Amino acid sequence: MSFQGSIAQENVNFPIESVIEPLAGEQYSRAMVYIPISQAAEYLSGYDNPQTGALIELNSSNYGTITSGDLKSQLVPFFTKAQAASVGIAIYNDAQPEPPAEPEEGQDPVEPEVITNTLSDVYQATKYYAYFKFGLANSDAFNALQVELAQLCAADTLYSALWIGISDINVLTKTSALVNQLNEQTGLRYRLIYNPDTTINAALAQLGETLASANQTGTPVGNDVDFIAFNTIGASGSLDADGNRQNLSATDKATLDEQKIGYVTWVGDGTSNVVVEGSLYNNGDSVGAEWIKAYITYMCKVKTANFITQGGKFRNNSTYQAILTILRSVVNGFLQFGRLANFVVSAPPFSDLPKTGDTIVINNAWKADYIDQVRSVTVYGTLYIQQPSK
């Protein structure tokens, strides 16, 4: 099913503040990695003639023969755990336009060169494939790529969440160039996880564990995004005399906590298990709650679109109650899973809604407590019901 340009996208608005359920919405269990065409040969040595604008789907069976270099080394921890997941590789054009030549006397100015399949172009064309977004480029281009992706994703939080694995040790002294560049922007939302091992992406490794199995909802959506043990990477501290990663000091952890940057710590149970500590975006939002919120919003759009296009649906209490039932049915999977509790629908009766207009907006239509192992936060939902306009 194509969501872009569909009835569900254009005519039904149903954003809420949390939740999940199976099948449609598969993109909320996928990852996307954006890479520049200038490095496609380095990252995709097993793929013939990569082109800008291409979307290449990887899975645990084919990534080993298609990918190479840093891309392959970052995907190994992911696919070691998330063996049923898919990762899209989107190739964008990072070429810089040639400056236009000076026109000869009496001639019109020369039009500047137009670059197609830029990062923005490719993002817009591929954003529905996967909710979790990553960017990979060499050291010179890496920071600029993360900043631009952060800007694109911040305008699209229903479909995109940017996770960044950062290896810059300067985060421990609050002098990281990337973090400073991101902080210069306003309105961004991204997740940072620090590990000094330059051969891995700690954020992608964590996502592999998060997507490794389905929960009671039938999907991985709502699984733990931190404090879940896995063994595909090491801790975030320095190397000891034997070449093993140590845990960060309490001072370093406090510095990262202050910046809302996650990090990796040994479990300490005599195994090679680690956990990521830190479940917040840079703006303080809960990573897990926002994931569920985006999923439920999308699922309600799809289910409501299917309902209102069956025919015989009118602006009346019967239709309104049916839409509220859709909401309850989607939330129910999370209630059974235990990720949400104390769910309450607080929408007013149909008689109190506006009598005219194509869109009905119900603030605080519901609320629930989002719960993980160590934290609980109350989330609130706004219900938008938009009638088809043509």
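Computed from a prediction, not measured in an experiment: that's the story for all the values here. (Residues numbered from 1 in each chain as written. Predicted model: local features only at pLDDT ≥ 70, side-chain atom pairs only at ≥ 80, totals over all residues. Heavy atoms only, no water.)

Visitor: Where do I start with the overall build of the chain in this structure?
Guide: Helix and strand counts for the chain come out as eleven helices and eleven strands. Pairs at least 24 apart in sequence give 71% of the contacts found in the chain among residues at least 6 apart. For the chain, the exposed surface amounts to about 17,500 Å²; the carbon and sulfur share of it is 47%. (Helix = DSSP H or I, 4+ residues; strand = E, 2+ residues; numbered from the N terminus. Contact = heavy atoms within 4.5 Å. Areas by Shrake-Rupley, 256 points an atom, 1.4 Å probe, with all protein chains shown as cover.)

Visitor: Sorry if this is basic, but what is going on with the packing of aromatic side chains here?
Guide: Two aromatic rings, taken as a pair, are described by how far apart their centres are and by the angle between their planes. Applying the stated criterion to the full structure yields twelve aromatic pairs. Ring centres of Phe132 and Trp163 lie 5.1 Å apart, and the angle between their planes is 70°; on these two criteria the pair is classed as edge-to-face. Placement of Phe132 in strand β4 (residues 132-135) and of Trp163 in strand β5 (residues 161-166) is noted, with a sequence separation of 31 residues between them. In this structure Trp163 comes out as buried when scored by relative accessible area, which is 1%. Seen from their ring centres, Phe132 and Trp291 are 5.2 Å apart, and the 70° between their planes marks the pair as edge-to-face. Of this pair, Phe132 sits in strand β4 while Trp291 sits in helix α10 (residues 287-308), placing them 159 residues apart in sequence. Each of the two residues, Phe132 as well as Trp291, counts as buried. (Phe/Tyr/Trp six-rings, centres within 6.5 Å; stacked < 30°, edge-to-face > 60°. Buried < 20%, exposed > 50% of the residue type's maximum accessible area, 1.4 Å probe, protein only.)

Visitor: What is the right way to read unusual backbone geometry from this model?
Guide: Trans is the prevailing form of peptide bonds, just as negative phi is the prevailing case for residues other than glycine. Of note in the backbone geometry, Asn117 takes a positive phi value of approximately 55° without being a glycine. Tracing the chain through its elements places Asn117 in the loop between β3 (87-92) and α5 (119-126). The class for Asn117 is partly exposed, based on a relative accessible area of 26%.

Visitor: What am I meant to see in the side chain of Asp156 here?
Guide: Topologically, Asp156 is positioned in the loop between α6 (139-154) and β5. Overall, Asp156 belongs to the buried group, its relative accessible area being 10%.

Visitor: Would you mind going over the pairing of β4 with me for this structure?
Guide: The side chains of a regular strand alternate, first on one face of the sheet and then on the other. Burial along β4 is two-sided: the residues Phe132 and Phe134 and Lys133 and Gly135 are all buried. Bridge count for strand β1 (residues 31-36) against β4 is four bridges, and the pairing is parallel. Looking across to β4, one finds that Tyr34 is bridged to Gly135. In terms of strand pairing, β4 meets β5 through two bridges, oriented parallel. Paired with Phe132 across the strands is Ala161, a residue of β5. The β-α-β motif built from β4, the intervening α6 and the parallel element β5 has right-handed crossover chirality. (Pairing = 2+ DSSP bridges. Right-handed = clockwise from strand over helix to strand, strands pointing away.)

Visitor: Teacher, can you tell me more about helix α9 (residues 250-258) here?
Guide: An α-helix turns once every 3.6 residues. As a result, residues three or four positions apart point the same way. Within α9, burial applies to Lys253, Thr255 and Leu256. The buried residues of α9 all sit within an arc of 160° when viewed along its axis, so they share a single face. Away from the buried face of α9 by more than 90 degrees, exposed residues Ala250, Thr251 and Glu258 are located. On the buried face of α9, the contacting elements are β6 (190-194), β7 (261-266) and β8 (274-277). Trailing α9 by a residue or two, Lys260 shows a phi angle of about 60°, which is positive. (Arc of directions from axis to C-beta.)

Visitor: Help me understand the sheet that holds β5 in this model?
Guide: Through backbone hydrogen bonds, the strands of a sheet pair up, either in parallel or in antiparallel fashion. Pairing is mixed in the open sheet, where eight strands are placed in the order β2-β3-β1-β4-β5-β6-β7-β8. Two strands in the sheet have a free side with no partner beyond their single neighbour: β2 (55-58) and β8. For this sheet the average axis-to-axis angle between neighbouring strands, irrespective of direction, equals 25°. Running at roughly 160° to β5, α6 makes contact with β1, β3, β4, β5 and β6 of the sheet. Across the sheet, α9 is in contact with β6, β7 and β8; its angle to β7 comes to roughly 150°. (Axes fitted to C-alpha atoms, helices over the stretch in contact; angles between N-to-C directions.)

Visitor: Can you help me understand the confidence of the model for the chain in this one?
Guide: Do not read the fine detail of predicted coordinates wherever pLDDT is low. Confidence in the prediction for the chain averages 87 pLDDT; 87% of positions are at 70 or higher. Across residues 1-23 the pLDDT falls below 50, and counting only partners more than four positions away or on other chains, this stretch makes 101 contacts in the model. (pLDDT = per-residue confidence, 0-100.)

Visitor: Any chance you could explain helix α11 (residues 317-337) here in plain terms?
Guide: Its 21 residues place the ends of α11 31 Å apart at the C-alpha level, agreeing with the 30 Å of an ideal helix rising 1.5 Å per residue. Where α11 bends most, the angle comes to about 30°, and this point is Val331. Restricting attention to buried positions, one finds in α11 the residues Thr319, Tyr320, Ile323, Leu324, Ile326, Leu327, Val330, Val331, Gly333, Phe334 and Phe337. The residue sitting at the N-terminus of α11 and contributing the capping side-chain oxygen is Asn316; that oxygen lies 3.3 Å from the backbone nitrogen of Ser318. One or two steps after α11, the chain reaches Gly338, where phi turns positive at roughly 95°. (Expected span 1.5 Å × (residues − 1). Bend = angle between axes of the 7 residues up to and from the residue. Polar contact = N/O pair within 3.5 Å; in protein donor to acceptor, adjacent residues only side chain to side chain.)

Visitor: Explain the pairing of β6 to me, please; I cannot follow it from the model alone.
Guide: Among the five residues that make up β6, five are buried, leaving the element largely enclosed by the rest of the structure. Residues Tyr190, Leu192 and Tyr194 point to one face of β6 and Arg191 and Ile193 to the other, with burial holding for every one of them. Crossover connection from β5 via helix α7 (residues 177-183) to parallel β6: handedness right-handed. In terms of strand pairing, β6 meets β7 through three bridges, oriented parallel. Along β7, the bridge assignment pairs Leu192 with Ile261.

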